[in-house]
Amino acid sequence: MYTIIGCGNINRSDDAVGVIIAQKLQQYLAQHPHPQVRVYDCGTAGMEVMFQARGSKKLMILDASSTGSEPGAIFKVPGKELEALPEPSYNLHDFRWDNALAAGRKIFKEDFPEEVTVYLIEAENLDFGFELSSVVKSSAEVVFQEIISMIRQLQ
């Protein structure tokens, strides 16, 4: 099973890019079903990422980044480079997808995907709003097409 999870805040402009790509993938799969692919919109729920990834062979995370790079830049990063155990906290809002990768691996062991890929798209605008900036929208389409191509190649 290949699980694809979109993350982000749909109320913060470009931060929604992972969620928007996931929603487009869900629409694509409704028209072109693939029994080995499942797609989730996990929004900002890091704990949900951990549970939805469980039992998959491969995992892909889609999200926005804010690194100071050129807006719209696309980063494709191995998940192991980004996973981080969460700091002790009583607030689940602090539990992000990078924490979900580390915690899921620790808790679920071999029932957690070994192969994790993360697509990050550099945000231009993280202000309140519902629209992606044009540069991020263009990059989202590039990532969407790459994923569609990958899905078509799965047996």
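Up top you'll find the structure we're talking about.
Here's what I pulled together on the structure shown here. (Residues numbered from 1 in each chain as written. Predicted model: local features only at pLDDT ≥ 70, side-chain atom pairs only at ≥ 80, totals over all residues. Heavy atoms only, no water.)

Attention now goes to the overall build of the protein. From N to C terminus, the protein includes 4 helices and 5 strands. Each helix (α) and strand (β) of the protein, taken in turn from the N terminus, gives the series β-α-β-α-β-β-α-β-α. Along the longest, intermediate and shortest principal axes, the C-alpha atoms of the protein span 40 × 40 × 25 Å. Relative to its full complement of 155 residues, the protein shows a buried share of 46%. A sequence separation of at least 24 residues applies to 75% of the contacts in the protein between residues at least 6 apart. About 8500 Å² of surface is accessible on the protein, with carbon and sulfur atoms providing 52% of the total. Within the protein, the 21 negative side-chain charges are centred at a point lying 9 Å from the centre of the 14 positive side-chain charges. (Helix = DSSP H or I, 4+ residues; strand = E, 2+ residues; numbered from the N terminus. Buried < 20%, exposed > 50% of the residue type's maximum accessible area, 1.4 Å probe, protein only. Contact = heavy atoms within 4.5 Å. Areas by Shrake-Rupley, 256 points an atom, 1.4 Å probe, with all protein chains shown as cover. Lys, Arg positive; Asp, Glu negative; His and termini not counted. Charge placed at Lys NZ, Arg CZ, Asp CG, Glu CD.)

A separate point is the packing of aromatic side chains. Using the criterion set out here, one finds 2 aromatic pairs in the structure. Between Phe 108 and Phe 112, the aromatic rings sit 6.4 Å apart at their centres with planes inclined by 20°, giving stacked as the arrangement. Taken together through their ring pairs, the aromatic side chains of Phe 51, Phe 108 and Phe 112 make up a single cluster. Sitting over the ring of Phe 128, Arg 12 keeps its end group 4.8 Å from the ring centre. Lying over the aromatic face of Phe 144, Lys 24 brings its terminal NZ or CZ to 4.3 Å of the ring centre. (Phe/Tyr/Trp six-rings, centres within 6.5 Å; stacked < 30°, edge-to-face > 60°. Lys NZ or Arg CZ within 6 Å of the ring centre and 35° of its normal.)

Let's shift gears to helix H4 (residues 134-153). Here H4 spans 29 Å end to end across 20 residues, near enough to the 28 Å set by a 1.5 Å rise per residue. Buried within H4 are the following residues: Val 136, Ser 139, Ala 140, Val 143, Phe 144, Ile 147, Ile 148, Met 150 and Ile 151. Buried-residue contacts for H4 involve strand S1 (2-7), helix H1 (17-31), strand S2 (37-43), strand S3 (58-65), strand S4 (74-78) and strand S5 (115-122). (Expected span 1.5 Å × (residues − 1).)

Geometry of a packed helix pair, given as the angle between the helix axes and the separation of the axes. Their axes nearest at 10 Å, the elements H1 and H4 cross at an angle of 40°. Between H1 and H4, the angle is such that the two are oblique. When the axes of H1 and H4 are compared, the crossing they make is right-handed. Contacts between H1 and H4 involve Val 17, Ile 21, Lys 24, Leu 25, Tyr 28 and Leu 29 on the former and, on the latter, Val 136, Ala 140, Glu 141, Val 143, Phe 144, Ile 147, Ile 148, Ile 151 and Arg 152. Of the residues that constitute the contact of H1 with H4, the class distribution is 12 nonpolar, no polar and 3 charged. (Axes fitted to C-alpha atoms, helices over the stretch in contact; angles between N-to-C directions. Parallel < 35°, antiparallel > 145°, perpendicular 65-115°, else oblique. Left-handed = near helix turned anticlockwise from the far one by under 90°. Nonpolar A, V, L, I, M, F, W, Y, C, P; charged D, E, K, R; others polar.)

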